[in-house]
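Analysis of the macromolecular model
Okay, here's what each chain looks like letter by letter:
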Amino acid sequence: MEKWKAAVVGGGVGGQLSMNALNNSELFELVAVADLRPDVCEQLKRKFPGIKTYANHRDMFEDCRMDVVCVSTFPPSHEEVTLDALKHPIKGILVEKPLGHTAESGRRILEEIKKRNLPMAVPHGLLAKKTPLEIIERVRGGEIGELKLVEIQNAKWDIINAGIHWLHFFVTLTGNEPMDYVMGICEASTRTYRDGMQVETTAVTYGQTKSGIRVVMNTGDEVLVNREGKETLFRLIGTAGQIEFWGWENGYTLQNAAYPLGELIVPDELPVTGHRAHLERMAGMIESGVSDYTIPESSLLALEIVEGAYLSSKHGCKVHFPVDGFEAPAKTDWEPGQPYAGTGGGRDGRKL
Ligand SMILES: NC(=O)c1ccc[n+]([C@@H]2O[C@H](COP(=O)([O-])OP(=O)(O)OC[C@H]3O[C@@H](n4cnc5c(N)ncnc54)[C@H](O)[C@@H]3O)[C@@H](O)[C@H]2O)c1
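Residues numbered from 1 in each chain as written. Predicted model: local features only at pLDDT ≥ 70, side-chain atom pairs only at ≥ 80, totals over all residues.

**Considerations on the site of the ligand**
The environment of the ligand is made up of 25 residues, and the closest members are G10, G12, V13, G14 and T73. When residues in the shell around the ligand are grouped by element, the largest group, 4 residues, is from helix α1 (residues 13-24). Its residues assigned to classes, the shell around the ligand comprises 9 nonpolar, 11 polar and 5 charged. (Near = placed C-beta within 6 Å. Helix = DSSP H or I, 4+ residues; strand = E, 2+ residues; numbered from the N terminus. Nonpolar A, V, L, I, M, F, W, Y, C, P; charged D, E, K, R; others polar.)

The structure is reproduced here in structure tokens:
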């Protein structure tokens, strides 16, 4: 069978996850890579002999015949690179998470791809791993009753880069239920940047779906994860039980009527995981002609939560969905926690 020819834009960590996946898959052939940095191109030529490399993605798109493009640059350039790729007759596209640096940019990317009915992958690794997939199945199957709260703790990372994977998992757990609002607080004392973005030193993100399912996520350099030895933790609380798991780690504990004291369950990993699983799923869509946008859509909703949390922190307000319609409220002189002078108007909060 002829393999789908694939090219990758951005040769860093994310790009190399795609390159390794393409290289290991029977369905694809990695033919070209574009990266701004000549040293990265040189290194990739040694790693993947036979590929062509380019300093600019447009030159690569003009010069090379390819079926599939992977957009693996930093989020602020995803839109430009994707729209340039769409000018060529490609059959499928992978766009790294977060889809864009804003929900608006992510939405434009998704709309342009959907308009063309082009198969798309957004490689959220948790949706290509046995543990999280089995957890989704148990929660949807009612094994912890009705899902009410998802608590996430993640040390050393931030809302937009790793947090988007965790929030995407939350969105998927709820079956892409529409969000009502998000509130967030970020402190930036260490002036940390990561993956082309300014990020928080510590943050709390709080969100609520329309039916009231909550997500509470604590991210940042010094977050204390309250289970020894773990750097990421999820606690899923339902009306009839709870599940705890640890991000990329295989295994989870389930506590419910069947396991009142909690049971550690470690399933066998899937034969194909990560970027390769997402790319091969996309190859299936190319073959069938049927594009499924469930993951890109949940990724966009997760990006809205991300942006909403940052906007909420910046403006000190609640951010309702859709987040790309957000307008900052007028500044207020009302300071919760300060004594009320008895004058100056306001609402009597004892009149409930
Ligand atoms: N899905 C995942 O599990 C996963 C894991 C890691 C990174 N990522 C994502 O991959 C993307 C890139 O992050 P990274 O960790 O690879 O960063 P990185 O710093 O490791 O690499 C980025 C590379 O892109 C190149 N680049 C930047 N702009 C470019 C452009 N316009 N054209 C060509 N090359 C360009 C840079 O020179 C650099 O080599 C981000 O969106 C990130 O969130 C996803």
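Read on for the rest.
**Concerning the nonpolar core**
Judged by nonpolar contacts, the single largest core of 91 residues is most densely connected at A6, A7, V69, V71, I93, L167 and V306. Looking at this core, you find at least three residues from each of domain 1 (4-122) and domain 2 (123-325). Setting aside anything within four residues of it in sequence, one finds A7 in contact with V31, A32, V33, M60, C64, M66 and V69. (Core = buried A, V, L, I, M, F, W, Y, C linked by C-beta atoms within 7 Å. Buried ≥ 20, exposed ≤ 12 C-beta atoms within 10 Å, placed from the backbone. Domains from an automatic or database assignment. Contact = placed C-beta atoms within 7 Å.)

**Let's talk about helix α6 (residues 130-140)**
What α6 keeps buried is the set T131, P132, I135 and V139. Each buried residue of α6 lies within a common arc of 90° when the element is viewed along its axis, so the set occupies one face. Residues of α6 that are buried in the fold lie against β7 (147-155), α7 (163-173), β13 (232-238), β14 (241-245) and β15 (252-256). Trailing α6 by a residue or two, G142 shows a phi angle of about 80°, which is positive. (Arc of directions from axis to C-beta.)

**A look at α7**
Within α7, 11 of the 11 residues are buried, leaving the element largely enclosed by the surrounding structure. When α7 is considered as a whole, its buried residues turn out to be G163, I164, H165, W166, L167, H168, F169, F170, V171, T172 and L173. Buried residues along α7 sit in contact with α6, β7, β11 (202-209), β12 (214-220) and α9 (294-315). Of the residues one or two after α7, G175 is the one with positive phi, at around 70°.

**Brief notes about the environment of E231**
Within the element layout of this structure, E231 appears in the loop between β12 and β13. E231 sits in the partly exposed class, given 16 other C-beta atoms within 10 Å. Separated by 15 residues in the primary sequence, E231 and W246 have C-alpha atoms spaced 7.6 Å apart. With residues near it in sequence (within four places) discarded, E231 still touches A155, K156 and V225.

**Things to note about the sheet that holds strand β5 (residues 92-95)**
Here we have 6 strands laid out as an open sheet, ordered β3-β2-β1-β4-β5-β6, and parallel in their pairing. Sheet topology places β3 (52-54) and β6 (120-121) at the edges, where each strand pairs with a single neighbour. In this structure, strand β1 (residues 4-9) lies alongside strand β4 (residues 68-71), joined through 4 bridges in parallel fashion. Bridge pairing in β4 links A6 to V68. Along the sheet, α1 contacts β1, β2 (28-34), β4 and β5; its crossing angle with β2, the most-contacted strand, is approximately 150°. (Pairing = 2+ DSSP bridges. Axes fitted to C-alpha atoms, helices over the stretch in contact; angles between N-to-C directions.)

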